[in-house]
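Observations on the model geometry
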Amino acid sequence: MSRNCLVVDLDKCIGCHACEVACKNENGIALGEYWNRVLQIGPHGTFPDLEQYWLPVQCQQCEDAPCVHVCPTGASYRDADGKVLVDKEKCIGCKYCMMACPYGVRSWNAKEKAVEKCTLCGQLTSAGQEPACVAACCANARFYGDLDDPNSDVSKAVAAADPASLHTLHDAGNKPLTRYILSDKIATWHDVDAIKPASDAQDAAWFAKEA
Amino acid sequence: MEIQWSLVLFTALTGMGGCMFACVAVDEFLGRAKAAAFPAAVAALAIAIVGGLASVTHLSHPDRIMGALSHPTSGIFTEALLVGCLCVCVVVYLVLFKREAGAGARKAVAVIGAVFGVLLSFMAGESYLMEARPNWCSQLLPLGYLLTAVPEGIAAYLVVVAAKAKGADVAPYGRALLVGGVLAAVGAAAYVLWAGPADGVQWALLVVAVLGAGVVPAACGALLGKKPESLMAMAGGSLACAFVGAVSYRCIMWLITVPIANLFLNVL
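These numbers were taken from a predicted model, which means no experiment stands behind them.

Turning our attention to unusual backbone geometry. Excluding glycine, residues mostly have negative phi values, and the peptide bonds linking residues are mostly trans. Pro43(A) follows Gly42(A) through a cis peptide bond whose omega is 5°. Inspection of the secondary structure puts Pro43(A) in strand β2 (residues 36-46). Phi at Asn140(A) takes a positive value of approximately 55°, unusual for a residue other than glycine. Along the polypeptide, Asn140(A) turns up in the loop between α5 (132-136) and β8 (142-146). Positive phi outside glycine occurs at Glu100(B), with the angle close to 55°. Topologically, Glu100(B) is positioned in the loop between α3 (75-98) and α4 (103-126). By relative accessible area, Glu100(B) is classed as exposed at 70%.

Listed as interface residues are 49 residues of chain A and, on the opposing side, 35 residues of chain B. At the boundary of chain A and chain B, one finds 16 residue pairs in polar contact (both at pLDDT 80 or more). Among the elements of the structure, β2, β3 (49-58), α2 (66-70), α3 (96-100), β6 (107-109) and α7 (206-209) of chain A are those that each provide at least two residues to the side of chain A that touches chain B. The biggest single contributor to the side of chain A that touches chain B is α3(A), with four residues.

Further remarks concern the packing of aromatic side chains. Throughout the structure, instances matching the rule amount to 15 aromatic pairs over all chains. Taking 6.1 Å as the distance between ring centres and 45° as the angle between the ring planes, the aromatic pair formed by Tyr34(A) and Phe264(B) counts as tilted. Separated into two different chains, Tyr34(A) in the loop between α1 (18-27) and β2 and Phe264(B) in the segment after α8 (231-256) make up a pair that spans both. On the numbers, 5.4 Å between centres and 70° between planes, the contact of Tyr128(B) with Trp136(B) is edge-to-face. Residue Tyr128(B) is classed as buried on the basis of its relative accessible area, which comes to 1%. Site record: aromatic cluster; members linked through ring pairs are Tyr96(A), Tyr128(B), Trp136(B), Tyr145(B), Tyr191(B), Trp194(B), Tyr249(B) and Trp254(B). Lying over the aromatic face of Tyr145(B), Arg250(B) brings its terminal NZ or CZ to 4.5 Å of the ring centre.

Residue and element names in this part refer to chain A. Taken in spatial order, the four strands line up as β8-β1-β10-β9 in an open sheet, and their pairing is mixed. Pairing within the sheet leaves two strands with one partner each, and these edge strands are β8 and β9 (166-167). The sheet contact formed by β9 and strand β10 (residues 179-181) spans two bridges and is antiparallel. By the bridge assignment, Leu166 is partnered in β10 with Ile181. Taken strand by strand, helix α6 (residues 153-160) contacts β1 (4-9), β8, β9 and β10, and its axis lies near 115° from that of β8.

Thresholds, definitions, all that
- Residues numbered from 1 in each chain as written.
- Chains lettered and ligands numbered in written order.
- Predicted model: local features only at pLDDT ≥ 70, side-chain atom pairs only at ≥ 80, totals over all residues.
- Heavy atoms only, no water.
- Helix = DSSP H or I, 4+ residues; strand = E, 2+ residues; numbered from the N terminus.
- Buried < 20%, exposed > 50% of the residue type's maximum accessible area, 1.4 Å probe, protein only.
- Contact = heavy atoms within 4.5 Å.
- Polar contact = N/O pair within 3.5 Å; in protein donor to acceptor, adjacent residues only side chain to side chain.
- Phe/Tyr/Trp six-rings, centres within 6.5 Å; stacked < 30°, edge-to-face > 60°.
- Lys NZ or Arg CZ within 6 Å of the ring centre and 35° of its normal.
- Pairing = 2+ DSSP bridges.
- Axes fitted to C-alpha atoms, helices over the stretch in contact; angles between N-to-C directions.

Pasting the structure below:
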């Protein structure tokens, strides 16, 4: 089974949010809902020694996906290509998958009353194109492909990176596939659970405030 | 996270119904309040059905609920299965009772139903054990679900006994309510203190849970032996307090949870 995912080079990411906008345009995502979101991490440190980076987040295509385990109807499933997807026609709206996602990167479609999330733009990749976020990235910081294919863009990006610069979001046993490249010369990697967690309803400013 | 009232009522009511039927099963062996067996089983069935229906109200597409049969490893499937098995057992028990079937068959069905009923309370809490939510991820959580349901069930059973089996010797059930109340108080406090209340509301709910699900039923259970004539007042008061306590415990669970991360910051 393939291990299709995104790799994001945070050394290159400039936080322009183009991937976020391209995702919303391509997939028709409503205002206030996201499949991909760019977060500001920092600034950290003490002036003048400050550092900050941008963290685009979306479904991490976990190898041991908790959303798939808890879904009572099989609406959250893994397809033949190994991608974790949502069949909205089967979703009963129990939101257990949203509770079980360690990163909160599933979205509630208020109009269709169903859960949805990043599909890795299957409608594009099945036609040989790149996901919209990858194609729109002006810094060439996003890559798509199969981690098991050494000739894929993601495998090349990972191979070219210093192993010390390779990161994943906090692994709670779910084995996230998405890789982030961030070297110490740009900023120190902050795991999402190392940043003081906020309540679900709190605004996004806590990402910036935590040092 | 916001309190999910549908799920709070689902687990509090099905737990009550399951443990209430467990009391019916126990009395099949003790034979202290035979006149209460049929109405108590009917009440347990009604409470379990109302609880089951409460869970459906939080779904945005209940029309697709039959799809749950396609994924038998999920927690929701397990809960639905146990509610269904409990209800089937209660119905079979009622039929056996009405047809005056042999005591052996009735006892067997009652015991099986009681196992489903008690297991249901535990498994309802077990469904919430997720690595993504560290302060849900302890066996203390489902244990608290079970222990706070026990006084509910005993008190509800005693209300029926008070109404339909006047003069019954309820001393064993008084002792059970005492022990159940103490365990419920300890169970509720153990989980919540482990999870770490974050604000005054959660501490206040913990006090309500300990007093309601534990202390009041335990005190009533202790007094029942001395004042059997006050059975209805004691049982009714215990039932009301145990229900409020069980609801409080479940509300704390929703308020206390902190996910590993909520990067889209959705409000569920």
